[in-house]
Amino acid sequence: MQVLYFRFQPSTILNVSPRALGLYTVNAVYGDTITMPCRLEVPDGLMFGKWKYEMPNESPVFIAFRSSTKKNVQYDDVPDYKDRLSLSENYTLSIKNARISDEKRFVCMLVTEDDVSEEPTIVKVFKQPSQPEILHQADFLETEKLKMLGECVVRDSYPEGNVTWYKNGRVLQPVEGVVVINLRKVENRSTGLFTMTSSLQYMPTKEDANAKFTCIVTYYGPSGQKTIQSEPVVFDVHYPTEKVTIRVLSQSSTIKEGDNVTLKCSGNGNPPPQEFLFYIPGETEGIRSSDTYVMTDVRRNATGEYKCSLIDKSMMDATTITVHYLDLQLTPSGEVTKQIGEALPVSCTISSSRNATVFWIKDNTRMKTSPSFSSLQYQDAGNYICETTLQEVEGLKKRKTLKLIVEGKPQIKMTKKTNTNKMSKTIVCHVEGFPKPAVQWTVTGSGSLINKTEETKYVNGKFSSKIIIAPEENVTLTCIAENQLERTVTSLNVSAISIPEYDEPEDRNDDNSEKVNDQAKLIVGIVVGLLLVALVAGVVYWLYVKKSKTASKHVDKDLGNIEENKKLEENNHKSET
């Protein structure tokens, strides 16, 4: 096997004309059948035809013979052509399984008694190479370092081809110290085929990180120049870190107390740095860690500037973290019990990293204003919620609850009215208090309990208990209301059913109101008349007394008799009587 070494230089392979030096040329493909016609006209008196081949500086070698008279064919004992030759009647020679060694000068000879005619034919054999392969690839390339990228291997080519390297589709030209290409060609002695190996030493830049490298073989075939390209190869290009970047990894754009925060530090080198120094507010020294640093359940004091750098403390980057917070203080809170009429100051204080909105909710209904109690009433009782949110911070919400209980001793007011049918009377016991008082009715005198009562709904500490009775005689009803604080008793006299009673104007209808008004007018008229009569009687009496006294004085003066005066006084008394 012969090994040939070449220093690669871009060149062009010369195209061989089908007629080399004016001779007829047959182009054949390696492994195919070579067909060579005898280009001589068959003369009269032809005895036989023969084929031979000629090699430079060697004697001709006859390989085939055909008689024109006996029509028999004979092949010479030439090892290279054993069982490969075929000579037709028109003296066309065929050679099976074309080899590189078949590249010779073949001569057709036609012989008569008087002459020998010869016509040479040149045979050229071509072999398409295999697809180029990039072998012995580098694991990685480093910037600023000239390194063997790989070898482009092209096998079994004839004639030998040329190998060219490409990067991203552009030819790589040799540049001293940057691009070094060496081409080595090896011929297989047994087949005559060539194997080309082109090695590439390359100094990459950072921009070559995703570059595609290919190699192309240029070769000649029967129809002219052709090319075959290798599969592209991408190399891992190593380059140093030139910049460090710190980022905050969080589930939302804002950070609040209780969140977990991950700091990620990265360098733009390849391979990227695996360790960094993290500088945390309040720490004097950097904390060595991988490319991430995790903080769990952060508090507001974690707000500040965070930095990271390479282990050698170079190429530092910084970022600022703000931990949002929201505090709510409700005074009082929890369950509070107060007495009706008492004052209760309520305050909801907010402390936050940003302006917060505050609103109140009572019994699931949003309030328009904040609660304020100068004199507690039963309707003030309920569940109060003070709630605040930071709208810019997702999920940051606080609320506290005040359960207000307003207690009061039972208060009772009793009313009565005669029903429109005048057959019964309705007695109502209006009760106010918390906890809800229990109500009992009794009939004074007998002390018996009345069980047939009706109660209204208990709302804001108030409700009513009602009974309907038809007394035949005057009775006294007692309403007893009792809760944990006190027992209250109130009685009401109820006249017999024959006597109408209306002391609950709000429960009367229009007809009853008119009747009551008429009765009231009558009563007022009688009272006014009696008052006028009394006034007139008093005036008359006063005038009479005054006149009597004057007459008495005249009698005493004129008569001077004491006994007469007495008699006169007695008469006066009789007259008054």
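The chain has the name CD166 antigen in an unreviewed UniProt entry, where Coturnix japonica is given as its organism.

Observations concerning the nonpolar core
Counting 53 residues, the largest nonpolar core has M36, W51, I63, L93, F106, W165 and L200 as the members making the most contacts within it. Ignoring any residue separated from it by four or fewer positions in sequence, one finds F106 in contact with M36, W51, K52, Y53, I63, Y81, I95, E119, P120, T121 and V123.

Side note on the environment of E472
Tracing the backbone shows E472 in the loop between strand 42 (462-469) and strand 43 (475-482). Of the residues examined, E472 reaches a relative accessible area of 71% and is grouped as exposed. Note: C-alpha distance between E472 and I497 (25 residues apart in sequence) is 6.1 Å.

Brief notes about the pattern of salt bridges
Overall, the coordinates contain 25 salt bridges when judged by the stated rule. As a salt-bridge pair, K307 and E305 come within 3.9 Å of each other at their nearest N and O atoms. Note that E486 and K409 form a salt bridge whose closest N and O atoms lie 3.5 Å from each other. Taken as a pair, E486 in the loop between strand 43 and strand 44 (487-494) and K409 in strand 37 (residues 397-418) lie far apart in primary sequence, 77 residues in all. Overall, the relative accessible area of 35% leaves E486 in the partly exposed class. Residue class for K409 comes out partly exposed when judged on its relative accessible area of 43%. Where salt bridges share partners, they join K52, E54, R105 and E118 into one cluster.

Some remarks on the pairing of strand 37
Two elements, strand 32 (residues 334-339) and strand 37, share six bridges in a ladder whose sense is parallel. Residue pairing across strands places Q339 opposite E407, the latter belonging to strand 37. Examined bridge by bridge, strand 36 (residues 382-389) and strand 37 share eight bridges and lie antiparallel to one another. When the bridges of strand 37 are listed, T388 appears paired with K398.

Some remarks on the state of the cysteines
As used in these notes, a disulfide is a covalent bond between sulfur atoms, one from each of two cysteines. By the definition in use, this model includes five disulfides. Two residues, C152 and C215, share a disulfide whose sulfurs are 1.9 Å apart. Here the S-S torsion is close to 75°, and the disulfide linking C152 with C215 is therefore right-handed. Of this pair, C152 sits in strand 13 (residues 147-157) while C215 is found in strand 18 (residues 212-221), placing the two residues 63 residues apart along the sequence. Accessibility expressed as a relative area gives 0% for C152, which makes it buried. Classification of C215 by relative accessible area gives buried; the value is 0%. A sulfur-sulfur separation of 1.8 Å characterises the disulfide bridge that pairs C265 with C308. Since a negative S-S torsion denotes a left-handed disulfide, the C265-C308 link at about 65° is right-handed. In this pair, C265 sits in strand 24 (residues 261-267) while C308 sits in strand 28 (residues 304-309), placing the two residues 43 residues apart along the sequence. For C308, a relative accessible area of 0% translates into the label buried.

Regarding unusual backbone geometry
Cis rather than trans, the peptide bond between T331 and P332 has omega equal to -10°. Relative to the helices and strands, P332 resides in the loop between strand 31 (326-331) and strand 32. In this structure, K422 takes a positive phi of about 60° despite not being glycine. Within the fold, K422 resides in the loop between strand 37 and strand 38 (425-434).

Rules of the game
Residues numbered from 1 in each chain as written. Predicted model: local features only at pLDDT ≥ 70, side-chain atom pairs only at ≥ 80, totals over all residues. Heavy atoms only, no water. Core = buried A, V, L, I, M, F, W, Y, C linked by side-chain atoms within 4.5 Å. Buried < 20%, exposed > 50% of the residue type's maximum accessible area, 1.4 Å probe, protein only. Contact = heavy atoms within 4.5 Å. Helix = DSSP H or I, 4+ residues; strand = E, 2+ residues; numbered from the N terminus. Salt bridge = Lys/Arg side-chain N within 4 Å of Asp/Glu carboxyl O. Pairing = 2+ DSSP bridges. Disulfide = S-S within 2.5 Å.

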